[in-house]
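Spelled out from the first residue to the last, the chains are:
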Amino acid sequence: MSQSTVASTPPSSAAAPAAPPVRTWGRTASWRPARRAAPHDEAELAAVVGGAADDGVRVRAIGAGHSFTPAAQTDGLHLDLDALAGIEAVVPQPDGTSHVTVRAGTRLHVLNRLLWSLGLAMRNLGDIDRQSVAGAISTGTHGTGARLGGLATQVRGVRVVGADGSVRTVGEADPAGAAERELFEVARLGLGTVGVLSAVTLEVVPAFWLHAREEPWPLEAVLEDLDGFADDHDHAEFYWFPGTRRALTLRNDRASADDVAALRARRSGVLGTVRGAAARARTLVDEEVLSNGAFGMVNRLAVAAPSLVPRLNAVSARALGARSYVAPSHEVFVHPRRVRFAEMEYALPRAALRDALGELDGWLTASGEPVPFPVEVRFAAADDVWLSTARGRETAYVAVHQYAAMARHRWFDAAEQIFTAAGGRPHWGKLHTRTADDLAAHYPLADVARVRAAADPDGIFRNDYTDAVLGVAH
Ligand SMILES: Cc1cc2nc3c(=O)[nH]c(=O)nc-3n(C[C@H](O)[C@H](O)[C@H](O)COP(=O)(O)OP(=O)(O)OC[C@H]3O[C@@H](n4cnc5c(N)ncnc54)[C@H](O)[C@@H]3O)c2cc1C
């Protein structure tokens, strides 16, 4: 174990100031680990984990710190896996997909570029690409698409470093047996509670382009035929501006060969030129709604004069125009977020969406609470991943946000009550107050506990958050 990569936090003194605390992107949690390590490869990772276990020190890996919950928090060993990056192997499959084994610390934006250069792409993605592969799958990160599942449904296998420092490879079609299959289940979406992922095998598809259509609609027009809105497109979502009856709709469908050929013809036919042009043609969401300077200004104004928020939202909603463009899939999925916020997101049974939005609207109107961020609605297919928020049911995700500098608790408390009453399940990486006691009605937590106890008998991969939401397995 090299001193250059493993360090105990020194006692504070004038000569050696303590390392700064680790903070989440949303500034929603921070902590000071006793030890930090940034292993260069899997062998070093295994040695560091084994060493911590021998010393009775708890271990948590961190990805990009983009969870709002303290999922990666630790007062023990904090593992930074940024050096474990890149693609290890690509195996084409008879059905036209490919199985790509990628090191666990790889950031999604790096992976997307690597895949594109190989003529491949992730089937679906969330709306940012800063996360690590392991961090994203471990909390159930998802995008939108009524026929598609979240990122964990795209995982076919993992390599996981266990509490004893051993490395196990487990996968979906594991010939070794049921125990391995169950370990895989909690390893691919389990908040890092059965070990540290060192590599992930993803099922990816041939590279594709998306035809994006972004249009402001009356909210009623979306709600009138929610099923049609969700089902008629590969990836549909909308943003509703509180206090208004306006929604920005985003409908992305696979571009036809003709669409792409027409785009190439217009743009000289050079792929780089087309992609550059697409990148410049920033989407409405980027330019007008969520991430730009104007939206930052709206939020700063909201802090200074909360009573202006309804009018600011009306202006934001009216400022929207329509846009349609064709671009590589990952450029369409991802929107940079430069305005810092806190977020809560719940997975609802799709049939409960309309009433839940009506209740949010009712509460906002009655309370007058200033909320300058739009409410985001996305869709997913039912899946069978044990801890997936879309497990066993067609799902609508509803996300509420608040500007980081504004009070969020009344808004989030009210939204959480509405979501909970609607049978909602909280995103594991976004703010919520639910606990294992009531989440047990939604997930096979007894099975998860059994798998965790076998994989981690001394509980070195737990923290307060996993204790709260999954229970103590030991
Ligand atoms: C601006 C913004 C936009 C977002 N957009 C979306 C979205 O569109 N869809 C969505 O579903 N979510 C979204 N999220 C939430 C985000 O995708 C998740 O919280 C995700 O887990 C963050 O990934 P990360 O790499 O930062 O992981 P972290 O937050 O660093 O870690 C998450 C969990 O993974 C564990 N972990 C990390 N690495 C490993 C490893 N190697 N082995 C085992 N466990 C590990 C950590 O211990 C922790 O429990 C967004 C968050 C932000 C801040």
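Everything numeric here is computed off the predicted structure, so don't read it as measured data.

### Remarks on the pattern of salt bridges
What the rule picks out here adds up to 30 salt bridges. R378 is the salt-bridge partner of D127, the closest N and O atoms lying 3.5 Å from each other. Residue D127 is located in the loop between β9 (120-121) and α3 (133-138), and its partner R378 is located in strand β18 (residues 375-380); the two are separated by 251 residues in the primary sequence. Across this residue pair, the class does not change: D127 and R378 are buried. Between R156 and E172 there is a salt bridge whose closest N-O contact spans 3.5 Å. Of this pair, R156 sits in strand β10 (residues 155-161) while E172 sits in the loop between β11 (167-171) and α4 (178-188), and the two are 16 residues apart along the sequence. By relative accessible area, which is 18% here, R156 ends up buried. Overlapping salt bridges, with partners in common, bring together D127, E343, E345, E376, R378 and K430 in one network.

### Let's talk about the site of the ligand
Taken together, 36 residues are adjacent to the ligand, and A61, G63, H66, S67 and T139 come closest. Within the side chain of R60, an N or O atom sits 3.1 Å from an oxygen atom of the ligand. Against a free-state accessible area of 980 Å², the protein chains account for coverage of 99% of the ligand. For the shell around the ligand, the element with the highest residue contribution is α3, accounting for four residues. Considered class by class, the residues forming the shell around the ligand number 15 nonpolar, 16 polar and five charged.

### Things to note about the pairing of strand β7 (residues 87-92)
Bridge analysis of β7 against strand β8 (residues 98-103) gives five bridges, and the strand direction is antiparallel. Residue pairing for β8: V90 is matched across the bridge by V100. Count of turn residues in the β7/β8 antiparallel hairpin: five residues, of which G96 carries a positive phi of about 95°.

### Examining the sheet that holds β18
Taken together, eight strands build an open sheet; the order of strands is β16-β13-β15-β14-β18-β19-β17-β20 and the sheet is antiparallel. Strands at the two margins of the open sheet, each flanked by one partner only, are β16 (323-328) and β20 (425-426). By the bridge criterion, six bridges tie strand β14 (residues 235-240) to strand β15 (residues 246-254) in an arrangement that is antiparallel. Bridge pairing in β15 places W240 opposite A247.

### Details of the pairing of strand β17 (residues 341-349)
Of all nine residues in β17, eight are buried; the element is thus mostly enclosed. One ladder, built from nine bridges, connects β17 with strand β19 (residues 395-403); its direction is antiparallel. When the bridges of β19 are listed, L348 appears paired with A396. As defined by bridge partners, β17 adjoins β20 across two bridges and the pair is classed as antiparallel. Pairing of A347 across the sheet is with R425, part of β20.

### A few points about the nonpolar core
By size, the foremost hydrophobic cluster in this structure holds 55 residues, and its most contacted members are L111, M122, L197, V200, L202, L387 and W428. Broken down by element, this core gets its largest block of residues, five residues, from strand β12 (residues 196-206). The residues that make up this core include at least three from each of domain 2 (87-206) and domain 3 (209-426). With sequence-adjacent residues up to four places away left out, L197 is seen in contact with L81, A104, A134, I137, S138, V158, R159, V160 and A187.

### A look at the packing of α4 against helix α16 (residues 445-455)
Two elements in contact, α4 and α16, have axes separated by 10 Å at closest approach and are oriented at 100°. Relative to α16, the element α4 is oriented roughly perpendicular. Of α16, the residues touching α4 (which contributes E182, L183 and V186) are V448, R450, V451, R452 and A455. Its residues placed into classes, the contact of α4 with α16 shows five nonpolar, no polar and three charged.

How each quantity is defined
- Residues numbered from 1 in each chain as written.
- Predicted model: local features only at pLDDT ≥ 70, side-chain atom pairs only at ≥ 80, totals over all residues.
- Heavy atoms only, no water.
- Salt bridge = Lys/Arg side-chain N within 4 Å of Asp/Glu carboxyl O.
- Helix = DSSP H or I, 4+ residues; strand = E, 2+ residues; numbered from the N terminus.
- Buried < 20%, exposed > 50% of the residue type's maximum accessible area, 1.4 Å probe, protein only.
- Near = heavy atom within 4 Å.
- Polar contact = N/O pair within 3.5 Å; in protein donor to acceptor, adjacent residues only side chain to side chain.
- Areas by Shrake-Rupley, 256 points an atom, 1.4 Å probe, with all protein chains shown as cover.
- Nonpolar A, V, L, I, M, F, W, Y, C, P; charged D, E, K, R; others polar.
- Pairing = 2+ DSSP bridges.
- Core = buried A, V, L, I, M, F, W, Y, C linked by side-chain atoms within 4.5 Å.
- Domains from an automatic or database assignment.
- Contact = heavy atoms within 4.5 Å.
- Axes fitted to C-alpha atoms, helices over the stretch in contact; angles between N-to-C directions.
- Parallel < 35°, antiparallel > 145°, perpendicular 65-115°, else oblique.

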